[in-house]
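A closer look at the structure
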Amino acid sequence: MVRDQLERRNISDPNVLRAMRAVPRHKFVQDAMRLSAYEDNALPIGYGQTISQPYIVGLMSEALEATEGMSVLEIGTGSGYQAAVLYAMGLKVYSVERIQELHVAAVKLFAELGYVSPQFKLDDGTLGWPEKAPFDRILVTAGGPEIPEPLVEQLSDPGVLVLPVGRAKRTQQLVRIRKNNGDITIEKLANVAFVDLVGAHGW
């Protein structure tokens, strides 16, 4: 998976590659999907949600430009796979999920895998996690029509926010937002198709 889907498509951050080799992706998909867990596809995880294809997980993880020990807020826990990759990168992970069943399953799976330090919250992810802010990095794994202002406010300065944004559902631009000395810059990275970001600052 790492060799064919990441390295051959110019994902080169050694910390990202190491983390994605270490995390057992098949543990984060439904039993019926396990034979497809390492293929270059997004897979359904129930409740209208998906686990992103490995390349997109690698691309977004690398785009954070994170170093070990940084705090990262993930919006959209889903299966927990992206949070597990961030954890394996040595980051201090906070993850918010709005669907109770996915939240409960992710907490249980992390305990089974011995991933003890990430913190999870059941809430509207577009509001962030103000009690734990600011965050060195923020990663959003669902697409909304605009950049949620609470997330920009909760981003450290300097800091990096990576998320998909688009006015049409399931059609977005993956962008990297940098906050530096109060200035905000936006860089377009790729065309992507994510599930909807639902909440007060989403759909």
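For the structure, check the block above.
Below is a summary of the structure that appears in this document. As the structure is a computational prediction, the values presented were derived from the model and not from experiment. (Residues numbered from 1 in each chain as written. Predicted model: local features only at pLDDT ≥ 70, side-chain atom pairs only at ≥ 80, totals over all residues. Heavy atoms only, no water.)

Some remarks on the packing of helix α3 (residues 54-63) against helix α4 (residues 81-88)
- Their axes nearest at 11 Å, the elements α3 and α4 cross at an angle of 45°. As judged from the angle between their axes, α3 and α4 are oblique. Here α3 and α4 pass one another in a crossing that is right-handed. For the pair α3 and α4, the contacting residues are V57, M60 and S61 in the first and Y81, Q82, V85 and L86 in the second.
- In terms of residue class, the contact of α3 with α4 is built from 5 nonpolar, 2 polar and no charged. (Axes fitted to C-alpha atoms, helices over the stretch in contact; angles between N-to-C directions. Helix = DSSP H or I, 4+ residues; strand = E, 2+ residues; numbered from the N terminus. Parallel < 35°, antiparallel > 145°, perpendicular 65-115°, else oblique. Left-handed = near helix turned anticlockwise from the far one by under 90°. Contact = heavy atoms within 4.5 Å. Nonpolar A, V, L, I, M, F, W, Y, C, P; charged D, E, K, R; others polar.)

So, the packing of aromatic side chains
- Taken as a whole, this structure holds 7 aromatic pairs when the rule is applied.
- Centroid distance F28 to F110: 6.3 Å. Interplanar angle 80°. Geometry classified as edge-to-face. Here F110 lies in helix α5 (residues 100-113) and F28 lies in the loop between α2 (14-22) and β1 (43-46), a separation of 82 residues in the sequence. Judged on exposure class, the residue F28 and its partner F110 are both buried.
- When the centroid spacing of 4.9 Å and the interplanar angle of 80° are considered together, the rings of F110 and F120 count as edge-to-face. One end of the pair, F110, is in helix α5; the other, F120, is in strand β5 (residues 119-122), with 10 residues separating them in the sequence. For the residue pair F110 and F120, the accessibility class agrees, reading buried in each case.
- Aromatic rings pair up to connect F28, Y81, Y87, F110, Y115 and F120 into one cluster.
- For the cation-ring pair, R9 lies above Y55, with the distance from its terminal atom to the ring centre recorded as 3.8 Å. (Phe/Tyr/Trp six-rings, centres within 6.5 Å; stacked < 30°, edge-to-face > 60°. Buried < 20%, exposed > 50% of the residue type's maximum accessible area, 1.4 Å probe, protein only. Lys NZ or Arg CZ within 6 Å of the ring centre and 35° of its normal.)

Description of the pattern of salt bridges
- In total, this model carries 13 salt bridges according to the counting rule given.
- Among the salt bridges present, the one from R3 reaches D4, with a minimum N-O distance of 3.0 Å. (Salt bridge = Lys/Arg side-chain N within 4 Å of Asp/Glu carboxyl O.)

Here's the deal with the packing of α2 against α4
- At a minimum axis separation of 8 Å, α2 and α4 run at an interaxial angle of 125°. With respect to α4, the element α2 is oriented oblique. Crossing of α2 over α4 shows right-handed handedness. Of the residues in α4, those in contact with R18, A19 and M20 of α2 are Y81, V85 and A88.
- For the contact of α2 with α4, the class distribution of residues is 5 nonpolar, no polar and 1 charged.

Observations concerning the side chain of S95
- Turning to its location among the elements, S95 is positioned in strand β4 (residues 92-97).
- Of note is the side chain of S95, whose polar atom sits 2.6 Å from the side chain of E74.
- Contacts of S95, omitting those with residues within four sequence positions, involve E74, T77, A83, Q119, F120, K121 and W129. (Polar contact = N/O pair within 3.5 Å; in protein donor to acceptor, adjacent residues only side chain to side chain.)

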